[in-house]
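Chain by chain, the residues run as shown.
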Amino acid sequence: MISALAFFILICVLVFVHEYGHFWAARKCGVHVLRFSIGFGKVLWRKTDKQGTEFAFSLIPLGGYVQMHAGEAEHHLPAEKSLKNKSVLQRAFIVLAGPMANFLFAIVAYWVIFSVGVPSVKVVVGSVLPNTIAAQAGVLPEFEIEQVDGRNMYDWEDASFALFGKV
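In this text, all values refer to a predicted model and were calculated from it rather than measured experimentally. Throughout, residues of each chain are indexed from 1 in the direction in which the sequence is written. For this predicted model, a pLDDT threshold of at least 70 governs which residues receive local features, and a threshold of 80 or more governs which side-chain atom pairs are given and counted, while totals over whole chains, interfaces and linings are taken from all residues. Just so you know, side-chain values use all the structure's heavy atoms and leave hydrogens and water out.

Trainee: Could you give me a rundown of the packing of helix α1 (residues 2-28) against helix α2 (residues 88-116), with the residues and numbers involved?
Mentor: Direction vectors running N to C along α1 and α2 enclose 140 degrees, while the axes themselves pass 7 Å from each other. When the axes of α1 and α2 are compared, the pair comes out oblique. Crossing handedness for the pair α1 and α2: right-handed. The residues of α2 that touch α1, namely those facing V13, L14, V17, H18, G21, H22, W24, A25 and A26, are F93, I94, V95, A97, G98, P99, A101, N102 and F105. Here, axes are lines fitted to C-alpha atoms. For helices the fit covers the stretch in contact, and angles between N-to-C directions go from 0 to 180 degrees. Helix numbering and strand numbering both begin at the N terminus, where a helix is a DSSP run of H or I of at least 4 residues and a strand a DSSP run of E of at least 2. Note on angle classes: values under 35 degrees are labelled roughly parallel, values over 145 roughly antiparallel, values of 65 to 115 roughly perpendicular, and the remainder oblique. By the definition used in this description, the sense in which the near helix is turned from the far one sets the handedness, with an anticlockwise turn below a right angle giving left-handed and a clockwise turn giving right-handed. By definition, residues are in contact when any of their heavy atoms lie within 4.5 Å.

Trainee: An account of the side chain of S58 is requested, with residue identities and associated values reported.
Mentor: As for its position among the elements, S58 is in strand β2 (residues 54-68). Setting aside anything within four residues of it in sequence, one finds S58 in contact with S37, I38, G39, F40, G41, K42, V43 and L44.

Trainee: Describe a nonpolar patch on the surface, naming the residues involved and giving the relevant values.
Mentor: On the surface, a cluster of nonpolar side chains totalling about 560 Å² of accessible area is made up of L5, F8, I9, L10, V13, L14 and F105. Sort the elements by how many residues they give to the nonpolar patch and α1 lands first, with six residues. Mapped onto the elements, F8 comes out in helix α1. Only residues whose relative accessible area exceeds 30% and that form no salt bridge are eligible for patches; like-charged ones are grouped when within 9 Å, while nonpolar side chains (Val, Leu, Ile, Met, Phe, Trp, Tyr) are grouped when within 5 Å. What sets the accessible areas is the Shrake-Rupley method with a 1.4 Å probe; for residues, cover comes only from the shown protein chains. What counts as a salt bridge is simple: a side-chain nitrogen of Lys or Arg found within 4 Å of a carboxyl oxygen of Asp or Glu.

Trainee: Give a description of the packing of aromatic side chains that names residues and reports values.
Mentor: Each Phe, Tyr or Trp ring, with Trp reduced to its six-membered ring, pairs with another whose centre is within 6.5 Å; inter-plane angles below 30 degrees give stacked pairs, above 60 give edge-to-face pairs, and intermediate values give tilted ones. Applying the stated rule across the entire model yields ten aromatic pairs. When the centroid spacing of 5.6 Å and the interplanar angle of 65 degrees are considered together, the rings of F23 and F55 count as edge-to-face. A residue pair is termed long-range when its members are at least 10 positions apart, and F23 in helix α1 and F55 in strand β2 qualify at 32 residues. A 1.4 Å probe rolled over the protein chains alone gives each residue an accessible area, and that area as a share of the maximum for its type sets the label: buried under 20%, exposed over 50%, partly exposed in between. A residue is classified by how much of its surface remains accessible, and F23, at 7% relative accessible area, is buried. Exposure remark for F55: the relative accessible area of 22% places this residue in the partly exposed category. Grouped by ring-pair contacts, the aromatic residues F16, Y20, F23, F36 and F55 constitute a single cluster.

No statement about biological role is implied by the geometric values presented.
Quick look at the structure:
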């Protein structure tokens, strides 16, 4: 259950970041955004802002979209606010802004993860089998390996490399 909820939240965050990239670029280029939606299917929640953009959250959050003014007459919006009347460079910027937002989000996310720290397993012996080299050396269960060959050990990866000579 927790894994499904975590997956749901992760997908929603990734879709939001991606679609927000398109949304932000469209607004910067002067394109009127009709709808910013996370998910597909039945709309569960919606709100319209001062610029007339409808923000929606739908039942199936496996994607999303940013609906922009494409120049149709039924929207009664000025032609200069439509996507089709923007330059090729502006349209390319709007299209590429979604993937770039995901790329920048990944950089920030990894920076936060590595700033906070990556959990690791302490170098503690769980059990010692009889008639092994460890038993003959007098290693006891719950013994913490602090150094190997004069080098400090911080986790099992360090200890494995040091003990097996791959450093």
